Amino acid sequence: MSRQVPRKSPKVRATLYLPYDLLDEARDAAVHLAGFPVRLTLTKFAEVAFRAENRAQVDALALAQALIRCRSVTPEEGGALTLLEGALSRAGFTCHRLTMTEPGTPDVQNLYARIGTEAPHLCFAGHTDVVPVGEETAWTRPPFGGVVEGGVLYGRGAADMKGGIACFLAAALDYLKANGGLKRGSLSFLITGDEETVA
């Protein structure tokens, strides 16, 4: 029995986080959200993140673009920590989401991910939150678009510091893949959602 759909359907946008085993079934699948048909597609980063074991290297640019497209304006997490947590969990990291609470300020989410338990311990620290974009229509390129033009990546957080996080995460995942995991010591990521305004 087919479902009646209004001619002028509103645009519905949603971010779906899918486990690895659902990729093939989900690609180009037709789903329904709020009663309207929606075309489900996977971003370039989703392919990279979920199928990293089939690639020689993790695509740092695609990861940076995916992070920029997360509207993580302090104190909103915006999906950025969730994205990182998924990639790190699949790589064998033990992940902890920490919510910091203080009277008079909004709750802020943080991510701590670690693989290994011994010394030496190398920790990458960074933040996924960004400052407000102001008048979005004044931007020459979408602030949350992650657009690449002329070899330049544009978007809020490209320099501070989603681009940096993408680079050190890609480097770490590539290292683990090339070496069959972590042979000694510990490697961790300490990523906060509160660096720009609340702190």
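What this report covers is the structure whose coordinates are included nearby.

The rules behind the values
- Residues numbered from 1 in each chain as written.
- Predicted model: local features only at pLDDT ≥ 70, side-chain atom pairs only at ≥ 80, totals over all residues.
- Heavy atoms only, no water.
- Pairing = 2+ DSSP bridges.
- Helix = DSSP H or I, 4+ residues; strand = E, 2+ residues; numbered from the N terminus.
- Axes fitted to C-alpha atoms, helices over the stretch in contact; angles between N-to-C directions.
- Salt bridge = Lys/Arg side-chain N within 4 Å of Asp/Glu carboxyl O.
- Buried < 20%, exposed > 50% of the residue type's maximum accessible area, 1.4 Å probe, protein only.
- Parallel < 35°, antiparallel > 145°, perpendicular 65-115°, else oblique.
- Left-handed = near helix turned anticlockwise from the far one by under 90°.
- Contact = heavy atoms within 4.5 Å.
- Nonpolar A, V, L, I, M, F, W, Y, C, P; charged D, E, K, R; others polar.
- Core = buried A, V, L, I, M, F, W, Y, C linked by side-chain atoms within 4.5 Å.

1. A few points about the sheet that holds strand E3 (residues 94-100)
Consideration 1: Taken in spatial order, the 4 strands line up as E3-E4-E8-E5 in an open sheet, and their pairing is mixed. Only two strands of the sheet have a single neighbouring strand rather than two, namely E3 and strand E5 (121-127). The average angle at which neighbouring strand axes cross in this sheet is 15 degrees, direction not considered.
Consideration 2: Bridge count between strand E4 (residues 108-115) and strand E8 (residues 186-192): 6 bridges; the pairing is antiparallel. Bridged to Asn-110 within E8 is Thr-192.

2. So, the pattern of salt bridges
Consideration 1: Applying the stated criterion across every chain yields a total of 4 salt bridges.
Consideration 2: Its salt-bridge partner being Glu-77, residue Arg-97 comes within 3.9 Å of it at the nearest N-O pair. With Arg-97 in strand E3 and Glu-77 in the loop between helix H3 (60-68) and helix H4 (80-90), this residue pair connects regions lying 20 residues apart in the sequence.
Consideration 3: The buried category is assigned to Glu-77, whose relative accessible area is 15%.

3. Some points on the packing of H3 against helix H5 (residues 162-178)
Consideration 1: With their axes 8 Å apart at the nearest point, H3 and H5 run at an angle of 140 degrees to one another. In this view, H3 runs oblique relative to H5, as classed from their interaxial angle. Our pair here, H3 against H5, has a crossing hand that is right-handed. Here Ala-60, Leu-63, Ala-64, Leu-67 and Ile-68 of H3 lie close against H5, whose contacting residues are Lys-162, Gly-163, Ile-165, Ala-166, Cys-167, Leu-169 and Ala-170.
Consideration 2: Residues belonging to the contact of H3 with H5 are distributed by class as follows: 10 nonpolar, 1 polar and 1 charged.

4. What about the nonpolar core?
Consideration 1: Membership of the largest hydrophobic core comes to 28 residues, with the highest contact counts inside it found for Leu-67, Leu-84, Leu-88, Phe-93, Phe-189 and Ile-191.
Consideration 2: Elements supplying a minimum of two residues to this core: H3, H4, E4, H5 and E8.
Consideration 3: In terms of residues, this core owes the most to one element, H5, which gives 8 residues.
Consideration 4: Excluding its chain neighbours within four sequence positions, the residues that come into contact with Leu-84 are Leu-67, Leu-111, Thr-128, Ile-165, Leu-169 and Ile-191.

5. Section: the environment of Phe-189
Consideration 1: Tracing the backbone through its elements, the reader meets Phe-189 in strand E8.
Consideration 2: It is 5.5 Å that separates the C-alpha atoms of Phe-189 and Cys-123, two residues lying 66 residues apart in sequence.
Consideration 3: Sequence-distant contacts of Phe-189, defined by excluding residues within four places in its chain, comprise Leu-88, Phe-93, Leu-111, Tyr-112, Ala-113, Phe-124, Phe-168, Leu-169 and Ala-172.

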